[in-house]
Amino acid sequence: MSDIILNVQQLHKDYVGEVNYKALKGIDFQLKRNEFVSVMGPSGSGKTTFLNCISTIDRPTNGSMTINQKDPYELNDEDLAKFRRSELGFVFQDFNLVHTLTVEENILLPLTLDAVNGKEMTSRLAEVVRFLGIEDIMKKRTFEISGGQKQRVAIARAVIHEPSLLLADEPTGNLDSKAANSVMTLFQSIHETFQTSLLMVTHDPYVASFAERVIFMQDGMLYNEIQKGDHKQQFYQEIVDTLTFLGGGYHEL
Amino acid sequence: MSFNHIVIQNIVRDKWTYISYFLSSVFSILVFFFFLIIAFHPMMDAIDTNSTLGIVMILCSMIVYIFSFVFIIYSMLAFLKKKTKSLGVFIISGASTKQVRKMVFRENMLIAFAAIITAIGVGLIVSPLFLMVVKNVLEAESFGMYVPVQAIAMTFILFSVLFFIVSQITTRFIKKEEAVQLLKADVTQEKLIRPTPWRLFLSILVSAVLLLPLKESPDVVESLGIVYIMMLFISLLMTIYIVLTQGILFTIRRLQKSASYYRKTNMLFVSNLQAKGNSHAHVIYLLSILLLAVFVTTSVLYSSYYNVEENTEAVYPYSFQYISHPNNPIEKEQQDIEFMETTLEQTEGDVDAYQSAFKTDEDRRIGFLSNTLFNALGTHEAIALSDNQYYVVAGNAGVMPNTDAIQDYVDDPLQYVGLEERMILVSGFRAVYYVIPDAIYDALNYPEYHVFAYELEEWTEKRDIAEKIESQLMTEPGERYVSSKISLYADELFVKRVIFFIGFMLSLIFLSAAMSILYFYLQTSLAGEKEKYLGMRKIGLSMKEMRVIVTRELSILIFVPFTIAAMLLFTVLFSIRDALSPAFFQMTTVGVGIILLLFTLSFFIIRKAYFKKLVA
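Note that the structure is predicted; figures quoted are calculated from it, not measured.

For the rest of this paragraph, the subject is the overall build of chain B. Per the secondary structure count, chain B includes 19 helices and eight strands. Taken against the 2.2 N^0.38 rule, which gives 25 Å for 616 residues, the C-alpha radius of gyration of chain B at 33 Å runs more than 25% over that of a compact globule. Dimensions along the principal axes, computed over C-alpha positions, put chain B at roughly 100 × 60 × 45 Å. Per-residue burial for chain B yields a buried fraction of 47% across its 616 residues. Looking at chain B alone, contacts between residues at least 24 apart form 83% of all its contacts between residues at least 6 apart.

Here it is, written out as structure tokens:
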């Protein structure tokens, strides 16, 4: 088995419309197995587009991309859907929970679609729920729980089928700092416990500092990357410095 | 930027929200307009407003208008619901509720006038074609083109008033809190269906109690009259609603407990059904009732159309019947008969001629026939009476005659042997006929009427002969009475055709109303559904799985109402099966089958369009 889980080469994405816009201008990127990488960059730098191309939500205009040596863009719709729910896990800024389902049903959704048998479902559910500490809200509806709880449920759903790659798009964007902190701690322990590879888009340097490596994007290109050293505090400072250097459109700082 | 400018921009910039509302309004008006085009046709002046046809026309116009009223209110409310969120934006940016109401009112009136004018315009363009269809359907040559000034004026005035009232009413439904609430929360949860076993039990009980006298004691029904019918109607409508919602709840619970709940898309489908249980139930209910109305109108009106031949024969038993009054000079009678017989000789096919007579007590409108004279009227089975027996024949169709008045005319009491309910002569000519032994008849001292009757083969096709004879021989009271079932049949057939046509139009209205309700419902929920499926697609729901869920949901919305309506229809038909002919059942089944075909077809079209919009 290869050491590289995600391999992106010369990825281009153009939006054609009244105004043509090149969102991605050739990105080369590799994610190693069991690596945790954050993607940062100013608004409009193309980081979400990049993630969407990897998560097969958006189709790239040009370039190649393989996940586990498989090219998802060669699959038909049904196989692609299967691929998404077996190989990938998603965590979104807006949680993306199904409102008609209870918390428990939301978590089980990927398994029911794959028609996993009931016994395995129960055992996997129990494991994930214990890990995330959401036993008490299992029978609740999605609008009865807090934002932090919602994100935990979304994470539970993303990891219940043990994906090889977990993708997160601004997972703390809708959360207060306390909830954000606990969600990030969770990501870190999932990464350590389940050996999951993680790719996360964020604009928050504190959130980004949970990763092992941070890549910076600007104007649809990879600009820079920083490896985490021994100290998280130092890592955080480096991230902030890079962002300050990027400056310009980076309002969020 | 003036207030009216905002109103116009609201419509122009958001035309797709308005277009469905506009189209369903145009449709309602158009149907009503067409209806009036027929009703005000110069040809229709010939129809007496007090006749069955006149009353049916007036009644139907009223139904169409009331229905348009209800339907436009419904469309407007559905439209308003869709708009509530954008109204919230106005309210939050400082518009008072009064201003928002004024804005919505003006928008509505603007659309209303556009709809009225469009409908009349389209109506005028299509009306020649429409009148041509009417002409062919009714087989009435005189249904030509005309300028329907009255219809235009009436449509315009009535719908302006209607829209004015409806807009006034519906803007009252705009609630500030609700609109702002909608703006704040991205997910609003509609109320789930609650189990209401007592209400269910009570409603069924009340309906059952009300239904009972219908079968057991018709006199109670008659004494209560319209009140009873209204009560029964309302109670049935409520019962259907409660049974439907509780049935949906029960089905959801069953599905949730079933072992396959966690398999494939079942969970998504069932939970969606549960979350939208109430609004689904409303739509299914409305569609069921409308469909039932479609079934009943087509079925009932067809039945009236179907029995024309039988009904005609029941009142006018002969192709031609000539009754000669005792005062009619014998020469004239002979001359008339000769004319009739020579005319009839010219037709193809056999002509059976019968000759008979009866004596009558004019004061009591009682007729007497001898056994021989009765047997001479060939359409009935011959009887043989012994010296002291008599036989009774009804004189009015559908009325039980007095069976023993004959005793007043004879010395020794006679013995009653039987009753013929079918007419032997034109219905209503005499109240009752007594068939008595020849000897007793000869002894009776009452004036005698001569009867000449002719029966033609394939009489329904012999209209020209009937016209020829009737133009020469008309009834002259006190001398001769001429009647023909051929011309009665032709007249009746025309009336029934008009009624049938009206019924067809009514069912078309109901059917399209059902379709627009469905359309509105899907339109309103589209945005939310689209977002939901987009989210699920991201985490790995395939198009195929999505298609499965959408197909199941749409089939519930379309075929459940159909099944409910068909079941109710056939339950009703089965309970009155004795009064119906097997042919009627066959025709109803065919009719329901055609509608099923239409529904299946629209199901596939709707599914395709809806799916396309969902993934767009």
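Turning our eyes to something else, we now look at the pairing of strand E6 (residues 432-436) of chain B. All names here are of chain B. Among the five residues in E6, five count as buried, and that is most of the element. Here E6 shows a buried face lined by Val432, Tyr434 and Ile436 and a second buried face lined by Tyr433 and Val435. As defined by bridge partners, strand E3 (residues 366-370) adjoins E6 across five bridges and the pair is classed as parallel. What sits directly across from Leu369, in E6, is Val435. Bridge count for strand E4 (residues 389-394) against E6 is four bridges, and the pairing is antiparallel. Looking at E6, one finds that Ala394 is bridged to Val432.

Now for the sheet that holds strand E7 (residues 448-456) of chain B. Working definition: the strands of a sheet are paired by backbone hydrogen bonds and lie parallel or antiparallel to each other. Residue and element names in this part refer to chain B. Reading across the sheet, the eight strands line up as E5-E4-E6-E3-E2-E7-E1-E8 and stay open at both edges, with mixed pairing between neighbours. Among the strands making up the open sheet, the edge pair consists of strand E5 (415-420) and strand E8 (480-483). Averaged over neighbouring strand pairs, the angle between their axes works out to 25 degrees when direction is ignored. Judged from the three bridges that link them, strand E2 (residues 351-361) and E3 form a sheet pairing that is antiparallel. Residue Asp361 lies in a different strand from E3, and its bridge partner there is Ile366.

Glancing now at helix H16 (residues 463-472) of chain B. Residues of H16(B) that are buried: B:Ile465, B:Ala466 and B:Ile469. Projected down its long axis, H16(B) carries its buried residues within an arc of 100 degrees, all on one side.

Our focus in this paragraph is the domain arrangement of chain B. Residue and element names in this part refer to chain B. Splitting chain B by domain gives domain 1 (1-188), domain 2 (194-257), domain 3 (265-315 + 489-615) and domain 4 (316-488). The gap between the C-alpha centroids of domain 1 and domain 3 is 23 Å. Listed as interface residues are 28 residues of domain 1 and, on the opposing side, 21 residues of domain 3. Of the roughly 2,300 Å² buried between domain 1 and domain 3 on both sides combined, carbon and sulfur atoms contribute 86%. For the pair domain 1 and domain 3, the interface holds zero residue pairs in polar contact (both at pLDDT 80 or more). With 12 residues, the top contributor of residues to the side of domain 1 that touches domain 3 is helix H3 (residues 52-92). Of the residues contributing to the side of domain 1 that touches domain 3, the split by class is 23 nonpolar, three polar and two charged.

Right, let's talk about the packing of aromatic side chains for a bit. The relative placement of two aromatic rings is captured by the distance of their centres and the angle of their planes. Scanning the entire structure with this criterion turns up 31 aromatic pairs over all chains. Seen from their ring centres, A:Phe90 and A:Phe92 are 5.7 Å apart, and the 15 degrees between their planes marks the pair as stacked. Considered together, A:Phe90 and A:Phe92 belong to a single accessibility category, that of buried residues. Aromatic pair B:Tyr390 and B:Tyr434: ring centres 6.0 Å apart, planes at 65 degrees, arrangement edge-to-face. Here B:Tyr390 is found in strand E4, whereas its partner B:Tyr434 is found in strand E6, with 44 residues between them in sequence. Here the aromatic cluster, defined as three or more aromatic residues joined through ring pairs, consists of B:Phe358, B:Phe429, B:Tyr433, B:Tyr449 and B:Tyr481. The ring centre of A:Phe210 lies 3.4 Å from the NZ or CZ of A:Lys232, which sits over that ring. Above the plane of the ring of B:Phe269 lies B:Arg552, whose end atom (NZ or CZ) is 4.8 Å from the centre.

Procedures and definitions
Residues numbered from 1 in each chain as written. Chains lettered and ligands numbered in written order. Predicted model: local features only at pLDDT ≥ 70, side-chain atom pairs only at ≥ 80, totals over all residues. Heavy atoms only, no water. Helix = DSSP H or I, 4+ residues; strand = E, 2+ residues; numbered from the N terminus. Rg over C-alpha atoms; globule rule 2.2 N^0.38 Å. Buried < 20%, exposed > 50% of the residue type's maximum accessible area, 1.4 Å probe, protein only. Contact = heavy atoms within 4.5 Å. Pairing = 2+ DSSP bridges. Axes fitted to C-alpha atoms, helices over the stretch in contact; angles between N-to-C directions. Arc of directions from axis to C-beta. Domains from an automatic or database assignment. Buried area = accessible area lost by both parts, 1.4 Å probe. Polar contact = N/O pair within 3.5 Å; in protein donor to acceptor, adjacent residues only side chain to side chain. Nonpolar A, V, L, I, M, F, W, Y, C, P; charged D, E, K, R; others polar. Phe/Tyr/Trp six-rings, centres within 6.5 Å; stacked < 30°, edge-to-face > 60°. Lys NZ or Arg CZ within 6 Å of the ring centre and 35° of its normal.

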